[in-house]
Amino acid sequence: MRLVAFRKRLTRNTAEKENAMKALVLASGGVDSTTCLGLAVNKYGKENVIALTVAYGQKHTKEIEAARKTAEYYGVEHLYLDLEPIFRYSDCSLLKHSDREIPHESYAEQLKETDGSPVSTYVPFRNGLFLSSAASIALSKNCSVIYYGAHADDAAGNAYPDCSSAFHNAINEAIYQGSGGQLKVEAPFVSCTKAEVVKTGLELNVPYELTWSCYEGGEKPCGVCGTCIDRAEAFRLNGVKDPALDR
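Note that this is a predicted model, so its numbers are computed, not measured.

## What about the packing of aromatic side chains?
- Inspection of the entire model under this criterion finds 7 aromatic pairs.
- Both rings, one in Tyr44 and one in Tyr147, keep their centres 6.3 Å apart while their planes meet at 75°; by these two values the pair is edge-to-face. Taken together, the positions of Tyr44 in helix 2 (residues 31-44) and Tyr147 in strand 4 (residues 145-147) put the pair 103 residues apart, joining distant regions of the chain.
- With a relative accessible area of 6%, Tyr147 lands in the buried category.
- Ring centres of Tyr56 and Phe130 lie 6.1 Å apart, and the angle between their planes is 50°; on these two criteria the pair is classed as tilted. Linking Tyr56 in the loop between strand 2 (49-55) and helix 3 (62-74) with Phe130 in helix 5 (residues 126-140), this pair joins segments that are 74 residues apart in sequence. Each of the two residues, Tyr56 as well as Phe130, counts as buried.
- Each residue in the set Tyr56, Phe87 and Phe130 is aromatic and connected to the rest through ring pairs, giving one cluster.
- The lysine or arginine in question, Lys62, covers the ring of Trp212, its NZ or CZ lying 4.8 Å from the ring centre.
- Against the face of Tyr56 rests Arg126, its NZ or CZ located 4.8 Å from the ring centre.

Right, here's the structure in full:
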């Protein structure tokens with residue numbers, strides 16, 4: 001009887017520990033990271049989720065504003081980190097100090113011209129820097145897991161190599177080892193298409209009307225940059241109109 005009671009107590013303690021786990025979500029304000037935020041809140045509860053938004057010197061603040069709105073929607077703690085100085089030497093077309101134009105074509109078209117190199121909107125090792133910084137913050141905030149929204153479409157053709165499964169496995173192992181086994185990294189969509197990400201988000205009632213994906217900073221999405229094209233196709237494949245286009 002004592003053994004049965006011990007097992008019951010152990011099971012109960014394990015369940016309580018799992019319920020008390022805290023997650024930090026890299027929140028850019030876009031479709032993928034906001035879906036991750038919805039997943040985390042659904043799994044851990046809003047009181048155990050922290051959203052972290054990282055600035056990197058992008059040409060506009062639309063995505064940062066969107067991240068703030070989605071964090072408010074879910075009622076989670078929202079942190080902000082500015083890593084702009086790290087990217088000062090990059091000529092990535094997304095950065096405000098660059099005079100390169102943002103391509104107005106699909107990633108597939110862009111990759112035809114790169115000869116296997118990442119596209120011009122690839123910010124050098126951005127996910128690596130974001131996750132490393134997030135790891136320090138997550139440990140300080142007693143989180144056990146970091147979520148980020150990498151998916152297979154972004155990794156295809158080496159467009160964004162820091163969205164690949166190989167990168168995810170490596171950074172997860174590095175952070176797990178570097179944290180003494182206290183912290184792991186989850187990329188729940190790393191093997192999924194963007195359409196599958198949207199499908200999950202629709203099931204979770206993710207507030208896509210609050211998100212922003214466009215690389216341009218206009219009043220409305222441009223509809224012709226790589227991420228706008230991918231986003232439109234993801235919603236089309238799910239048979240629904242992108243709610244962000246109605247605002």
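Next, the rest of the story.
## Focus on the pattern of salt bridges
- Under the counting rule described, the total for this entry stands at 9 salt bridges.
- Between Lys194 and Asp32 there is a salt bridge, with its nearest N and O atoms 2.9 Å apart. Here Asp32 lies in helix 2 and Lys194 lies in helix 8 (residues 194-203), a separation of 162 residues in the sequence. When sorted by exposure, Lys194 lands in the same class as Asp32, which is buried.
- Its salt-bridge partner being Glu109, residue Lys112 comes within 3.0 Å of it at the nearest N-O pair.
- The class for Lys112 is exposed, based on a relative accessible area of 62%.

## Overview of the confidence of the model for the protein chain
- On average, the protein chain scores 90 in pLDDT, and the residues at 70 or more come to 91%.
- Low confidence marks residues 13-17, where pLDDT is under 50. Its contacts with residues over four positions away, or in another chain, come to 0 contacts.

Cut-off values and rules
Residues numbered from 1 in each chain as written. Predicted model: local features only at pLDDT ≥ 70, side-chain atom pairs only at ≥ 80, totals over all residues. Heavy atoms only, no water. Phe/Tyr/Trp six-rings, centres within 6.5 Å; stacked < 30°, edge-to-face > 60°. Helix = DSSP H or I, 4+ residues; strand = E, 2+ residues; numbered from the N terminus. Buried < 20%, exposed > 50% of the residue type's maximum accessible area, 1.4 Å probe, protein only. Lys NZ or Arg CZ within 6 Å of the ring centre and 35° of its normal. Salt bridge = Lys/Arg side-chain N within 4 Å of Asp/Glu carboxyl O. pLDDT = per-residue confidence, 0-100. Contact = heavy atoms within 4.5 Å.

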